[in-house]
Amino acid sequence: MNKYKKIVSFLLVLTLFSSCSKNWLDINIDPNTPSSTVASVQSRLAWIQHYYMYAQGTAGTRAGFVTQQLTFVNGTASNSMIAGWNPAAGMSTTPYQFFFVGAGANFKDMEDKATADKAYHYLGALHAIRAMGFMLMTDWYGEMPYTEALGTIITPKFDGGKVIFEGCLADIDKAIEFFNMAQPGTAAPLSAGDSWNGGDVGKWLKMCYGLKARWLNNLSKKSALYKPDDVLAALSKAATSVGESTVIAHMDDATDNIGDILFADPVKTSIVFNNAGMNTNILVTKWYENLLTNFDNKGVEDPRADKLLPWAEFGYPKTLIRSKGVDVQSKIRMESGPIASSFNVKDVEIESNGRKVAPHSWYINSANTARWGDTVYVSIKSSSKGYDKDKSDIYRWKDSPDENSGTIAASGTFYSRPDAPTHLVAYPEMCFIKAEVLFNKGDRAGAFNAYKEGIKAHIDLMNMKLNSYGNINVSKSPMAQAKIDNFLNNGIGTAGNITLAKIMTQKFIALSFSQQNWNDMRRYDFSNSVYPGWAVPYEYTVTAAAQLKIPQGKQFRRVRQVSHEINYNSDNLKASHPNALNDDIWSFPVWWDTKE
């Protein structure tokens, strides 16, 4: 993998001199004679954070298609194939590429520099991100080059999931050790390069213990290794309030249009925006909608529904109407749907497939009359000032000379906007982990209290951002306290009827766009007793190609290795798993997902 060293040296030099307002990216050096040796620890950390974030954000979005948070308009695009449990090779590449090429190839040089400078807090951050990155790799691909990765060996051996998992836990412990050390005054303060926690070592420590709790809890299928009390011990040192969460701020900057070196995406925007919010073809599912609108069949709507589901304007006078979710358990995607909507921007009627379309109205540009009702599905698309060069992040049809008055085509959602926060390791998740552990230990009262606190914490965390918008529209405004209170008091059940299903589905909402949701579904074998109403997509059940990759009776358990390893490291890949090069590798559990 030393080829990555050469690639990243070039990338790092370029990124050091790209225009960016963040002061942690500034460096004084002759641009005519750059080299990777001049990169300071603070410069490297900011970009390592960025590339890791892109890797995990991409994985989280793609996991959303596996778990049925998201679906896609009908077609053969990679994300559409994932949504139908008929995955294609295109699913595999980006998390691997951004972690190894963008982040991992910087690890050794940063470690050497930080060690020489006694910049212990940078060493702590480096070990934490290394652990996060390799844990993502084993969650995603299973076996992976690890002990020989990122060195001079061009064709490194693959390590099993247990080796990687234990190595990541060791790295987190090492990170905690470094964060507890005092840096000398000569070392760069962590605040000079930390784009996540602003140099707050206390938050980094909370994050590390939160990761440890998450990973130890992911061992729930390993009877000899799973220790619930160790999970609770880690939770006691993780975030115990919303304010102790690691929440990464993003921004919609009109000048942020140069693009990332590996992709052309802006670098300051939300990773969910970059992966999903830019796209007009991504939709929410009916299962996800139902979780938000009729949780536990109590008829009490979750106040987060208005913020997590997209809206659009219909009719005259214009009225904002919330999107419906696509029922992927129905035949819709086998009947050419859903189809992305069109809009008559003209002041006169137009004709489309033998019918009249009124001025300034939605329609489906298809002769298939069964699809004309697909206008009820609104994408999670957001616009932006930087990438889209728009006036705001509200995506509008171009039916008005005033760019701020066009009909709203998509409101965006809480997580899909360019300035949406990334809840990297946050207090709500800690609450739900605690609730799950206590429930399985038989402590129903303790489980309910943690469960209710997790829901409240996620609402509070969302409102922290929503309050900054003011009251722009129903999607982009704070949740009203009366709706919050009604839901918490009447919509989530009681300690007397708490179930694992309630805990895990509320955790699913709080971890929207997170890879961890797929981890949890795998831990519970996609059970509809734990995830009520969930079932495999209908199209999978009638698609022979999908069943070659995920045979009937099995589930979507991992991602096939990337083409780089298949093409250039095939002998080691083949030795890593008996089915590594077979079509059905997608259905084989990774190490922690195998019962022992």
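Being a predicted model, the structure only gives us computed values, none of them experimental.

(A) A look at the overall build of the chain. Each helix and strand counted, the chain has 21 helices and 12 strands in total. With respect to the three principal axes, the spread of C-alpha positions in the chain is 70 × 60 × 50 Å. Buried residues in the chain amount to 59% of all 596 residues. In the chain, once contacts between residues fewer than 6 apart in sequence are set aside, the share between residues at least 24 apart is 72%. Accessible surface computed for the chain: about 22,200 Å², of which carbon and sulfur atoms make up 51%. Each charge class in the chain was averaged separately, 61 positive and 58 negative side chains, and the resulting centres sit 2 Å apart.

(B) How the structure looks around the nonpolar core. With 151 residues, the main nonpolar core has Trp196, Trp215 and Tyr451 as its most contacted residues. The residues touching Trp215, leaving out its near neighbours within four places in the chain, are Ala131, Met132, Met135, Phe165, Cys168, Leu169 and Ile172. By size, the runner-up hydrophobic cluster in this structure holds eight residues, among which are Ala312, Phe314, Phe343 and Ala410.

(C) Local environment of the pattern of salt bridges. Per the counting criterion, the structure on display carries 34 salt bridges. Through salt bridges with shared partners, a single ionic network connects Lys221, Asp525, Arg557, Asp593 and Lys595.

(D) The pairing of strand β5 (residues 319-322), seen in detail. In this sheet, β5 lies alongside strand β4 (residues 311-314) in antiparallel orientation, the contact comprising four bridges. The residue bridging Phe314 from the neighbouring strand is Thr319, located in β5.

(E) A look at the packing of aromatic side chains. One pass over the full model with this rule turns up 37 aromatic pairs. It is Arg355 that lies over the ring of Trp372; its NZ or CZ is 3.8 Å from the centre. The ring centre of Trp518 lies 4.0 Å from the NZ or CZ of Arg522, which sits over that ring.

(F) Spotlight on the side chain of Asp252. Its place among the elements puts Asp252 in the loop between β2 (246-248) and α10 (271-277). As a buried residue without a salt bridge, Asp252 has its nearest oppositely charged side chain in Lys385, at a separation of 5.5 Å. Within the structure, the side chain of Asp252 is placed 2.9 Å from the backbone nitrogen of Lys385, a separation counted as a polar contact. Within the structure, the side chain of Asp252 is placed 3.2 Å from the backbone nitrogen of Gly386, a separation counted as a polar contact. In this structure, Asp252 is in contact with Ser384, Lys385, Gly386, Asp393, Pro418 and Asp419, ignoring residues within four places of it in sequence.

(G) Quick look at the packing of helix α14 (residues 444-466) against helix α16 (residues 500-510). Look at α14 against α16: their axes get within 10 Å of each other, and the N-to-C directions meet at 20 degrees. It follows from the interaxial angle that α14 and α16 lie roughly parallel. With respect to the hand of their crossing, α14 and α16 are arranged in left-handed fashion. Contact residues: α14 offers Ala447, Tyr451, Ile455 and His458, while α16 offers Lys502, Ile503, Gln506, Ile509 and Ala510.

(H) Local environment of the side chain of Thr543. One can find Thr543 in the loop between α18 (538-541) and α19 (544-549). A distance of 2.4 Å separates the side chain of Thr543 from the backbone oxygen of Glu539, its partner in a polar contact. Among residues more than four places away in sequence, those in contact with Thr543 are Asn86 and Met334.

(I) Main features of the packing of helix α8 (residues 201-217) against helix α9 (residues 228-237). Where α8 meets α9, the closest approach of the two axes is 8 Å, and the angle between their N-to-C directions is 160 degrees. In terms of their interaxial angle, α8 and α9 are classed as roughly antiparallel. Both α8 and α9 take part in a crossing whose hand is left-handed. Where α8 abuts α9, its residues Leu205, Lys206, Tyr209, Lys212, Ala213, Leu216 and Asn217 lie against Asp230, Val231, Ala234, Leu235 and Lys237. Of the residues belonging to the contact of α8 with α9, the class tally is seven nonpolar, one polar and four charged.

(J) Molecular detail of the environment of Leu511. Counting through the fold element by element, Leu511 comes out in the loop between α16 and α17 (515-523). Judged by its relative accessible area of 8%, Leu511 falls in the buried class. Spatially, the C-alpha atom of Leu511 lies 9.4 Å from that of Gly60, the residues being 451 residues apart in sequence. In this structure Leu511 touches Glu429, Gln516 and Asn517, once residues within four positions along its chain are discounted.

(K) Fine view of unusual backbone geometry. Here the residue pair Tyr316 and Pro317 is connected by a cis peptide bond, since its omega of 0 degrees sits within 30 degrees of zero. Here the residue pair Gly337 and Pro338 is connected by a cis peptide bond, since its omega of -15 degrees sits within 30 degrees of zero. As for its position among the elements, Pro338 is in the loop between β5 and β6 (342-343).

(L) Seen up close, helix α6 (residues 120-141). With 22 residues, α6 extends 31 Å from end C-alpha to end C-alpha; this agrees with the ideal 32 Å at 1.5 Å per step. Among the 22 residues that make up α6, 21 are buried, leaving the element largely enclosed by the rest of the structure. Of the residues flanking the end of α6, it is Gly142, one or two places downstream, whose phi is positive at about 85 degrees.

(M) Structural context of the environment of Asn86. Looking at where Asn86 falls in the secondary structure, it is placed in the loop between α3 (78-83) and α4 (93-103). Judged by its relative accessible area of 11%, Asn86 falls in the buried class.

What counts and how
- Residues numbered from 1 in each chain as written.
- Predicted model: local features only at pLDDT ≥ 70, side-chain atom pairs only at ≥ 80, totals over all residues.
- Heavy atoms only, no water.
- Helix = DSSP H or I, 4+ residues; strand = E, 2+ residues; numbered from the N terminus.
- Buried < 20%, exposed > 50% of the residue type's maximum accessible area, 1.4 Å probe, protein only.
- Contact = heavy atoms within 4.5 Å.
- Areas by Shrake-Rupley, 256 points an atom, 1.4 Å probe, with all protein chains shown as cover.
- Lys, Arg positive; Asp, Glu negative; His and termini not counted.
- Charge placed at Lys NZ, Arg CZ, Asp CG, Glu CD.
- Core = buried A, V, L, I, M, F, W, Y, C linked by side-chain atoms within 4.5 Å.
- Salt bridge = Lys/Arg side-chain N within 4 Å of Asp/Glu carboxyl O.
- Pairing = 2+ DSSP bridges.
- Phe/Tyr/Trp six-rings, centres within 6.5 Å; stacked < 30°, edge-to-face > 60°.
- Lys NZ or Arg CZ within 6 Å of the ring centre and 35° of its normal.
- Polar contact = N/O pair within 3.5 Å; in protein donor to acceptor, adjacent residues only side chain to side chain.
- Axes fitted to C-alpha atoms, helices over the stretch in contact; angles between N-to-C directions.
- Parallel < 35°, antiparallel > 145°, perpendicular 65-115°, else oblique.
- Left-handed = near helix turned anticlockwise from the far one by under 90°.
- Nonpolar A, V, L, I, M, F, W, Y, C, P; charged D, E, K, R; others polar.
- Expected span 1.5 Å × (residues − 1).

As far as function goes, none of this settles anything; it's purely spatial.
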